[in-house]
Amino acid sequence: MSADNGGLGGLLQPGDGMNDDPNTDPSTLRFAVGNLVIYKRKDGWQEGEIFRVAQLLTLGDRRQRIAYLVWPLCYLPDDEMGTEWVYTDSDECIRPRPEDKTPDPANFRPLLTVPEDPMYFLYTNTEKFDAQCSDGPRVADVLGGRENPDGSVSMNLKGRKVKTAMLNIPGNVHGVDGYTAMIFSVNNISTRKSGPAMTDPMVHFESIVPPERSLAQLEKAAKTSNDKMLQLADALMLGCKGWPRDPYRACNLYRAAAWGCSEEEQMTVRYDSIPVGPPEALLAVCGTNIAMLRQKAGIPLDKPCMPRIWMAEGLKSDENMEALRQICFWVSQALKLHGHVTPLALTMAQGIQDIRFLTDARVTDEIKEHCEQIMKAYQCRQLEIEAENMMEQGNLPRGDASEDALAQFAPKAVEIFEGMPKANDELYIEFKPIPRPPYSMVVLMMLPAKGRIQKVVTLPDSLQACPFSQESFEYAFIRLSYDLHLGRLRTNARNRPSVFSVLDDGHGNTAFAAFLEEKLKACNTQVKLIKASKRINKKKTAKSYGTIVSGLMTTLLDIPGFLFSVGSMSDDASLAQEAFYDEAVIRSERAIGEGADINVSDKHHLQEASRWKSRGNELFQSRKFNIAVKCYSFALSHLRRVVKFDQTSYTLLGTTLSNRALCALGLADEANLTSEFRLRYTRMAIEDTETALRSSWCANVPQNIRGKLRFSRDKATASYDSL
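Bear in mind that the values here come from a model prediction, so they are computed numbers and not experimental data. In this numbering scheme, every chain counts its residues from 1 along its sequence in written order. It should be noted that, the model being predicted, local features are given only for residues of pLDDT at least 70 and side-chain atom pairs only at 80 or more, the latter also being counted only at that level, while totals for whole chains, interfaces and linings use all residues. In computing side-chain values, all of the structure's heavy atoms are included and hydrogens and water are not.

Turning to the overall build of the protein chain, a few remarks are in order. For the protein chain, the count of helices and strands is 24 helices and 15 strands. For the protein chain, restricting intrachain contacts to residue pairs at least 6 apart in sequence, the fraction spanning at least 24 positions comes to 64%. For the accessible areas, the method is Shrake-Rupley and the probe is 1.4 Å, while residue cover comes only from the protein chains on display. Of the roughly 35,100 Å² of accessible surface on the protein chain, a fraction of 50% belongs to carbon and sulfur atoms. In this description a helix means any DSSP run of H or I spanning at least four residues, a strand means any run of E spanning at least two, and both kinds are numbered starting from the N terminus. Residue contacts are defined here by distance: any two heavy atoms, one from each residue, within 4.5 Å place the two residues in contact.

Following this line, the structure appears as C-alpha cells:
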C-alpha cells in the first residue's frame, strides 16, 4: 500500500535513486537512506525509516519531485506491512522524528538566574527609561471590557462573564513565563501558554479569542493550521464573540488539532500514532477526558478535585481505565514531544505517589510507561525547587549573563569596576579542578571571613585544555567583575573589595594574580598572594584558606547538577570516565587542588607531556588502547598546567587530543563492551576533537594537525550515529 499524501497524476515509476537526473543536487534533500522520520498515513502520523530515495517526473511539464520509500516501524496488520511511498517532501507529509524532550533528572542542571541589571546603561550607551511610561494599547480599550485593579479584564461573552488574567506559575516551570487564562469561576480555568512578556497585550489574548470576524473565516483558516484549529475548538467550547456553543464538535476539533489532521480524519487516527499538534491542543484533549472521567465517577465539574481523586476512580472500571489511559497518554506526549511541563503534570505526579498508583495490579504497562515520563518531570521540578530555595538564601551563585551582555560589558569592565564604591573587605579567588573525572577547572570567588561563596565560573570546554592561558584569565575576569557589578549575594551591595587574595601556588594561580594586578593597577585595589595553609585571622580556632575552599567545594558537589550532571554520577558513567585516567593521573589532578604543584616550570610540564604522548603513541601502534588513552590523559594533565603557550605547545595539545580521541574509538570497538559503554567512549572522542576545533587556540595549530582533528571528529561522529 502507499501512504495517502496527495497523489500525483501521470507519475513515472520511481527510479533506483537520485542518479536518474545529473542535475539533481543530493545535498538539497531533507532526508537520506537510513534516516528515522515520521510520516502521515490515513490512520495518523507513524514512525518509519527511509528505505529509498527516488526522483519523480510529472508528465507534460517534466517537473521534478522527490519521493521517499519508507519502512514503517509501528505495528501494522499483516495486509498493511511493507514499504510505503511518500510523494511530497514537505512537513505536511513527512518530518524528522522528534527528539524526546521529557525533562530528565539524570541530566538536570539548575537554572542559575541572573537578576536584571539596573546599571546596564553603563556599558550599553543607552539612557535609563521608565517602563511604566511606555505607551501601548490596553486590553480593556480593545475589547471594550472593564479593567480590574489587578491588571485583569472582565468582559461578557454571550451572557457568560469572563475574566482574563496572567497566571504566574511558581518557580518558572521549565521556561514557562506565564499563562493567558480565561476564568469562568474560581475553580474552572482554561489555560493557554503565552510565552515571554510582550509589549502588545492583544498578542496574549488572541491565543484564545481569534481575530477572525466570523465563524466561517475561522473554519477556513483552521483547515491549514493546527493553531487555528485549536482556536476554533476554543471558540465553539466557550462561545466566543457570541458564536453558538458546540461542545461535542469542539472535542473533535481538539483531537484534530492534537493529531495534526482534519476534523474528518481524526475519527480514524490510531492511538499509537504520534500527535504533531501544539502542546496546548494535546492538553485540551486531556482536559476533555478528565471531564468525562469525573462525570462517570460522579465528581461535580464545578468543584475543585485533585488528580489523585479521579485517578483512584479511574481504577474502578474498564471504562474509567480507558479514560485514565488517554489522560496519561496526552500528558506524557506533551512532555515527550514538547517538554511542556504544566501544573497538571506535576499534580498528577504527586497523585501517583500519594495513592501508590504504579503498584496497583490493574495499571497496565502502557499506563506505567506514560506515568514514568510524568514522574521524570516531577523529579526535575523537585530539584529545581531545591536549587531555587538555595538561590533565595544566597547559598547558590548566580549564573552568567548572556553572551551579548558580557560582550558589551567586557570593554568597560575595568572602568566600571573602578567606579564602584570600595568596601573594606577581602575576596579570595582560586582556580580549582573539580575532584572527579574529567577534572574540569572552575574559578571560585568567596568571602573568606564568612566562608561564603560569591561566584563560580566554569571554564568552557575550549579552555579546559589550557585553563591558565591569558584567554582563560580574561574569560574569568569578565564574569567575576560582572558578578560584582550586579551586587553581592544576599545583601545586593554593589561594591568592590579593598583586597583580592589569590592562592600562591607558584604557578597557575600565581600567574592569575599577576594578571589581575596588571588589570587593576589603576583601581587602588590590592592583589596579594595567600598560602593555602594561612589562617583567615589570628585566632587559634580560625580555619585556613585551604580548609574553607575544600568545605565550599564539598558543598557545591552536593548540589544536584551544579558542577556536573546528575547522570554523570552513575556507575557506568564513572567507569567510562575513569577508564581515561590512571591512578597516577587521578592523584596528580587532585594534587593540583591541594597546592602540591608549586614552583614547577612550564618547561618541565611540556617535557613530561611530550614524554607521555610518545609513550601513548607506542601503545597505540600496539593497539593497547586501554593503556595508551591513560598516557594521553597524563600528557594532557601536564599541558593543563602550562601558563605561557606558544605554537609548539599548542601543536602538542592538538595532537594529544586527536590521538586520545582515536584511542577512545578503539576502545568503543572492543567486542566485549555494552552499547552504553560504546556510546560513552564515542561521545568522549567527539568531545575531545570538538574541544580543539571550536577553540580560538586551534588557529595556532598547524594545518595538518587540524586535518587530523577533523578526521577524528568525523570518524567519531559517524560511529556515534551508527550506534
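We are not done yet, so read on.
To continue, consider helix α7 (residues 279-297). Every helix has an expected span of 1.5 Å times one less than the residues it contains. Spanning 19 residues, α7 covers 27 Å between terminal C-alpha atoms, matching the ideal 27 Å at 1.5 Å per step. At the exit of α7 stands G298, carrying a positive phi of roughly 75°.

Let us look at helix α17 (residues 545-557). Given a rise of 1.5 Å per residue, 13 residues ought to cover 18 Å, and the 18 Å separating the end C-alpha atoms of α17 matches this to within 8%. Exposure categories follow from relative accessible area, calculated using a 1.4 Å probe and restricted to protein chains: below 20% of the type maximum is buried, above 50% is exposed, and the middle band is partly exposed. Those residues of α17 that fall on the buried side of the exposure criterion are Y545, I548, V549, L552, M553 and L556. For α17, the angular spread of buried residues about the axis comes to 135°, placing them on one side. Those residues of α17 hidden inside the fold are in contact with β11 (422-433), β12 (441-447), β13 (452-458), β14 (496-503) and β15 (526-530). Think of the arc as the fan of directions from the helix axis to the C-beta atoms.

Turning next to the sheet that holds β12. One open sheet holds the five strands; their spatial order is β13-β12-β11-β14-β15, and the pairing between them is mixed. One side of each edge strand has no neighbouring strand; the edge strands of this open sheet are β13 and β15. On average, adjacent strands in this sheet sit at an angle of 25° to one another, irrespective of strand direction. Should DSSP find at least two bridges between two strands, the strands are taken to pair. Where β12 meets β13, six bridges bridge the pair, whose relative direction is antiparallel. Bridge pairing links V442 to T458 in β13. Packing against the sheet, helix α15 (residues 470-486) makes contact with β11, β12, β13 and β14, and its axis sits at approximately 140° to β13. A fitted line through C-alpha atoms serves as each axis, taken over the contacting stretch for helices, and the angle formed by two N-to-C directions is quoted from 0 to 180°.

Burial of nonpolar side chains together is a common tendency in soluble globular proteins. Here, nonpolar core refers to any group of buried Ala, Val, Leu, Ile, Met, Phe, Trp, Tyr and Cys residues whose side-chain atoms link them within 4.5 Å. Ranked by size, the top nonpolar core spans 60 residues in total, and within it W310, L324, W330 and F357 carry the most contacts. Those residues within four positions of L324 in sequence are excluded, and the remaining contacts are L293, W310, M311, G314, L315 and F357. Within the second largest apolar cluster, 40 residues are counted, among which are F409, V457, L480 and V502.

A contiguous nonpolar surface patch, about 460 Å² in accessible area, is contributed by L36, F51, W71, L73 and M81. Tracing the backbone shows W71 in strand β3 (residues 63-72). Each patch is built from residues that are more than 30% exposed by relative accessible area and take part in no salt bridge. Like charges join if they lie within 9 Å; nonpolar side chains (Val, Leu, Ile, Met, Phe, Trp, Tyr) join within 5 Å. Think of a salt bridge as a Lys or Arg side-chain nitrogen and an Asp or Glu carboxyl oxygen that are within 4 Å of each other.

Both faces of the sheet carry side chains from a regular strand, because those side chains alternate between them. Across the seven residues of β13, six count as buried, placing the element largely inside the fold. Hairpin connection of β12 to β13: four residues between the antiparallel strands, including G451 at a positive phi of 60°.

Throughout, the protein atoms alone are placed on a 1 Å grid, and a set of points is a cavity if a 1.4 Å probe fits but cannot get out or a pocket if it is open with protein on both sides within 12 Å along at least five of seven lines; lining residues have an atom within 4 Å of a point. Grid points are joined across faces, edges and corners, and a volume is the space filled by probe spheres set on the points. In the structure shown here, the tally under the stated rule is five cavities of 30 Å³ or more. Roughly 60 Å³ of volume is contained in the second largest cavity. Lining the second largest cavity are K40, R41, K42, G44, W45, W259, G260, C261, E265 and V269. Listing elements by their share of the lining of the second largest cavity, those giving two or more residues are β1 (36-41) and β2 (44-58). Polar here means any residue other than Ala, Val, Leu, Ile, Met, Phe, Trp, Tyr, Cys and Pro, which are nonpolar, and Asp, Glu, Lys and Arg, which are charged; Gly is therefore polar. Classifying every residue of the lining of the second largest cavity gives four nonpolar, two polar and four charged.

Most peptide bonds take the trans configuration, and most residues that are not glycine carry a negative phi. With a phi angle near 75°, R490 is a residue other than glycine that sits in the positive phi range. Even without a glycine there, the phi angle at N492 is positive, about 60°. Counting through the fold element by element, N492 comes out in the loop between α15 and β14.

The subject of this paragraph is the state of the cysteines. Throughout, disulfides are identified as pairs of cysteine sulfur atoms within 2.5 Å of each other. All told, the structure shown has zero disulfides when counted by the stated rule. The thiol of C286 is unpaired, and the distance to the nearest cysteine sulfur, on C328, comes to 8.2 Å.

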